[in-house]
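# Summary of the model geometry
Listed below are the residues making up each chain.
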Amino acid sequence: MPDLLLEFLSEEIPARMQARAAEDLQKMVTDRLIAAGLAYEGAKGFATPRRLALSVHGVPARQPDIKEEKKGPRVGAPENAIAGFLKAAGLQSIKQAKVQPDKKGDFYVAVIDKPGRPTLDVIAEMIPDVVRNFPWPKSMRWGTGRLSWVRPLHSIVATFGPETEEPVVVPFDIDGIKGGDETRGHRFMAPGAIKVRRFEDYVAKLEKAKVVLDPARRADVILADAKNLAFAQGYELVEDNGLLAEVAGLVEWPVTLMGTFDKSFLAIPEEVIRATIRNNQKCFVLRDPQTAKLANKFILVANEEAADGGKAIVAGNERVIRARLSDAKFFYETDLKTRLEDRLLKFEHIV
């Protein structure tokens, strides 16, 4: 049974939209396949910061042939009613219809044979409809075209065929973007063109081009690497599933790095430190296992293997976190001072 591979490569897909977009793509395509009489064996959608992909396995090569009965006028009906029925049913003569009795008398019934179409033709019509009606929460247009997508759409991979044969490219054109079998790897580390055939081949070639397609696997890599990096330095990772999912949506090739902030900031409550580092820089905090208190360390997740080993990336994050923690410390101390002054005023009033 043939398989279908789709990939929509764009400038960017915001992390908050990725999971829903993968679900929407899977539902839109599979709903249309079922409506066309094409039952499939399995389907799964994927998303990265740049691409939305779908694999549909076990799709029939063509639609099944079907017979459809169309009920017509009563036997003995006026000629104009019979003529209209013949035209609607595609019959040349009323003799081609059969007579079927019911409680109200005998009626003409046309039996229409509808041969199934090649699945490739069905998919070629389906994809432009999916693209033009995709339910992005926010989308944009670019250039002089009328096409709308979350960010400028660069290319569409669309291949279809059985495992034992060379798949074919699904033929369609959406405002100048044609179906193809070429994608691109990591934006910085492997930006060149990549020819793909089917899903397994596509995933393997993306991996070589520094792209981990599956968001669940990216999250697993981030969590494992962050734990190992923390342990190697004598710390424990403070796990955060929400942040993990968000960070997995920000990178195609996760690289974990450790940074440091001044110990004086540890005087701020842990909740304030954690929220500041999490919300502003999407970084994980660490804990000292000996004291069970936060350490003046954090782990960030970069989207590339930098030539300097990530030193510049870490330094940049350290600068921003230092500034944000300075703000947090100021507001925290100001709040404490205000609360103390309010209590003194209340005490003086009572006295």
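Everything below is about the structure printed above this text.
This one's a predicted model, so the numbers in the text were calculated from it and none came from an experiment.

### Considering the packing of aromatic side chains
Throughout the structure, instances matching the rule amount to seven aromatic pairs. On the basis of an interplanar angle of 80° and a centroid distance of 5.1 Å, the ring pair of Trp136 and Trp149 is categorised as edge-to-face. Residue Trp136 is found in the loop between α3 (119-132) and β7 (140-141), and its partner Trp149 is found in strand β8 (residues 148-149); the two are separated by 13 residues along the sequence. By the burial criterion, Trp136 is buried, and Trp149 matches it. Seen in terms of ring centroids, Phe330 and Phe331 are 5.4 Å apart; in terms of plane orientation they differ by 70°. Their pairing is edge-to-face. Look at Phe330 and you get exposed, because its relative accessible area is 52%. Residue classification places Phe331 among the exposed residues on the basis of a relative accessible area of 56%.

### Notes on the side chain of Glu7
Structurally, Glu7 is set in strand β1 (residues 3-10). Within the local environment of Glu7, its side chain forms a polar contact with the side chain of Arg51, the two groups lying 3.0 Å apart. Polar contacts involving the side chain of Glu7 include one to the side chain of Thr183, which spans 2.8 Å. Not counting residues up to four positions away in its chain, the partners in contact with Glu7 are Arg51, Leu52, Ala53, Ser155, Ile156, Val157, Thr183 and Tyr202.

### Regarding the sheet that holds strand β17 (residues 284-288)
As summarised here, the arrangement of the four strands in space is β15-β17-β18-β16, forming an open sheet in which the pairing is antiparallel. Strands at the two margins of the open sheet, each flanked by one partner only, are β15 (236-237) and β16 (255-260). Pairing of β16 with strand β18 (residues 293-302) involves six bridges; the strand directions are antiparallel. Bridging from a neighbouring strand, Leu257 pairs with Leu300 of β18. Along the sheet, helix α5 (residues 215-232) makes contact with β15, β16, β17 and β18, crossing β16 at roughly 40°. Strand contacts of helix α7 (residues 270-281): β17 and β18, with the helix running at about 10° to β18, the strand carrying the most contacts.

### Let's talk about the nonpolar core
Of all hydrophobic cores here, the largest spans 38 residues; its most connected members are Phe8, Val29, Leu52 and Ile127. Of all the secondary-structure elements, those providing two or more residues to this core are β1, α1 (15-35), β3 (51-57), α3 and β9 (153-161). When neighbours within four sequence positions are excluded, Ile127 is seen to be in contact with Leu6, Phe8, Ala158, Val170, Phe172 and Ile174. Core analysis: the second largest hydrophobic core is formed by 19 residues, Val212, Val238, Leu294 and Phe298 among them.

Parameters at a glance
- Residues numbered from 1 in each chain as written.
- Predicted model: local features only at pLDDT ≥ 70, side-chain atom pairs only at ≥ 80, totals over all residues.
- Heavy atoms only, no water.
- Phe/Tyr/Trp six-rings, centres within 6.5 Å; stacked < 30°, edge-to-face > 60°.
- Helix = DSSP H or I, 4+ residues; strand = E, 2+ residues; numbered from the N terminus.
- Buried < 20%, exposed > 50% of the residue type's maximum accessible area, 1.4 Å probe, protein only.
- Polar contact = N/O pair within 3.5 Å; in protein donor to acceptor, adjacent residues only side chain to side chain.
- Contact = heavy atoms within 4.5 Å.
- Pairing = 2+ DSSP bridges.
- Axes fitted to C-alpha atoms, helices over the stretch in contact; angles between N-to-C directions.
- Core = buried A, V, L, I, M, F, W, Y, C linked by side-chain atoms within 4.5 Å.

Shape is all these values report; function is a separate question.
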